[in-house]
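Single-letter residue listing:
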Amino acid sequence: MQFVGDPRPGRPTARIQPGGREAPLAGPTTGPNFFGAVLDLTGLVPGGYAVEIVERLVGGREEIVGKTEFLLSQPEYVVWTLDFEGDASGDAELANTAAIADGLRIPMSVFWNPRVWTTTQVSSERQDAMLAWTKGRMAKGDEVALHLHMWTDYVRAVGLVPRTAPSWAGRGDGYDVPITAYPENEQQAMIGYGVKLMVQHDLPTPTSFRAGGDMGDATTLRAVAASGFNADCTAVAKDYPPIGRIPYPWTLPAGAQPYVPSRTDANATGDLPLLEAPTIGGNTFGFTAQSIQPQIKANLALFAPTGAVATTRKAITAVSHPGTIDATERAAIEALLGAFGPLRYDTDSGPVRFVTLGQLANAYRR
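Just so it is clear, the model here is predicted, and its values are computed rather than measured.

Draft legend 1. Up close: the pattern of salt bridges. Going through the model one piece at a time under the given rule, you end up with 19 salt bridges. Note that R8 is salt-bridged to D6, the shortest N-O span being 2.8 Å. Overall, the relative accessible area of 44% leaves R8 in the partly exposed class. Notably, a salt bridge pairs K140 with D102, separated by 3.0 Å at the nearest N-O pair. Separated by 38 residues along the polypeptide, K140 in the loop between α2 (124-139) and β7 (143-148) and D102 in helix α1 (residues 91-104) bring together distant segments of the chain. A relative accessible area of 55% means that K140 is categorised as exposed. Taking the relative accessible area as the measure of exposure, D102 reaches 36% and is therefore partly exposed. Here the salt bridges share partners, and the residues they tie into one network are R15, E22, R56 and E62.

Draft legend 2. Looking closely at the packing of α1 against helix α7 (residues 327-338). With their axes 10 Å apart at the nearest point, α1 and α7 run at an angle of 25° to one another. Between α1 and α7, the angle is such that the two are roughly parallel. Note on packing geometry: the crossing formed by α1 with α7 is right-handed. The segment α1 lies against α7, with N96, A99, I100 and L104 engaging A327, R330, I333, E334, L337 and G338.

Draft legend 3. Inspection of the packing of aromatic side chains at higher detail. This model, assessed by the stated rule, comprises 13 aromatic pairs. Judged by centre distance (5.8 Å) and plane angle (50°), the ring pair of F303 and F340 falls under tilted. With F303 in the loop between α6 (293-302) and β11 (314-320) and F340 in the loop between α7 and β12 (352-355), the pair connects residues that are 37 residues apart, well separated along the chain. Among the aromatic residues, those joined into a cluster by ring pairs are F84, W112, W117 and W133. When the ring centre of W151 is taken as reference, the NZ or CZ atom of R115 above it lies at 3.6 Å. Lying over the aromatic face of Y345, R353 brings its terminal NZ or CZ to 3.8 Å of the ring centre.

Draft legend 4. Structural context of the side chain of D214. In this structure, D214 sits in the loop between β8 (208-211) and α5 (218-226). Overall, the relative accessible area of 9% leaves D214 in the buried class. The residues contacting D214, other than those within four sequence positions of it, are C233, T234, V236, Y240, Y248, P249 and W250.

Draft legend 5. The side chain of D153, seen in detail. On the secondary structure map, D153 appears in helix α3 (residues 152-158). A relative accessible area of 18% means that D153 is categorised as buried. If near-sequence neighbours (up to four positions away) are discounted, D153 is found in contact with R115, T118 and T119.

Draft legend 6. Broad picture of the pairing of strand β2 (residues 21-24). Relative to β2, strand β1 (residues 13-17) runs antiparallel, the two being bridged by four bridges. Across the sheet, the residue bridging to R15 is E22, located in β2. Between the antiparallel neighbours β1 and β2 lie three residues, among them G19 with a positive phi of about 120°.

Rules used in this analysis
Residues numbered from 1 in each chain as written. Predicted model: local features only at pLDDT ≥ 70, side-chain atom pairs only at ≥ 80, totals over all residues. Heavy atoms only, no water. Salt bridge = Lys/Arg side-chain N within 4 Å of Asp/Glu carboxyl O. Buried < 20%, exposed > 50% of the residue type's maximum accessible area, 1.4 Å probe, protein only. Helix = DSSP H or I, 4+ residues; strand = E, 2+ residues; numbered from the N terminus. Axes fitted to C-alpha atoms, helices over the stretch in contact; angles between N-to-C directions. Parallel < 35°, antiparallel > 145°, perpendicular 65-115°, else oblique. Left-handed = near helix turned anticlockwise from the far one by under 90°. Contact = heavy atoms within 4.5 Å. Phe/Tyr/Trp six-rings, centres within 6.5 Å; stacked < 30°, edge-to-face > 60°. Lys NZ or Arg CZ within 6 Å of the ring centre and 35° of its normal. Pairing = 2+ DSSP bridges.

In structure tokens:
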């Protein structure tokens, strides 16, 4: 706040109402007679508040010389995750993906799939292009995470015997075999090998993970946590559309929120050192700007309405795939993520913050 003169003789303070919590103004800060205060909001319930600027006059009388109002809200988070599947992604699709993030000013959690380095099905040119794109996104502040499908060539590269069953689509190349088909020690070996390949190609050690097909159980989450990861987003709610002929192992309710899972039951809370952030915001593959409207409506219904405060911390995680984002899917994603515009914290419109999965894990640790 700027005063017409030096306010320090009046010992100015900032006072929150209701409640009367105070903090002294300090300064000058950004210019002559600019003074500010840091107010502790710990313990205050969400709602409307006023900040009064109070000066002490000669004789001890107080005078309110300024006043402003603000809304205190719990945070609401949106995480956009992008899964590389281990096959080739084209330049046009990668450009569309980047354009969405840059146009809407949204960070991405880019889930890299190291299978591209263990197969002859992805050319070295595509490997290099995808890796360069990912490093470019990392330079812009996006997260680089790990995503694994059980491609038979990848499993062999780890030194394990690949399996082709069970599978959710009957492909025969391992892509559609859930990681849960392998014992825990082999799951951990495949995760560790993926991390090793990423580091060898100058990508950072990932701290977020998603298993292929959203198939995972307690053995998977134990392997992920034991590998040093802080967050996982394999889980989906029980009403999630089926992927194929294998039922999801998840029994979470619709709108399920991030939780610390149990070591023995992936659907229950516990003390595993890992944040599970269920993918409840939808998979954008195959949608148009029109057909994705029900998912937009469902997502918005989870958060506080425009102009209202959020009384409970919540998060929504959505997933797309860089290899499939053509013009049609791009429009669907822009509609899905753009719908949160009237609720954005960074435009002082509401409590919604776009974050990476790693940032979400850090926020939930506090």
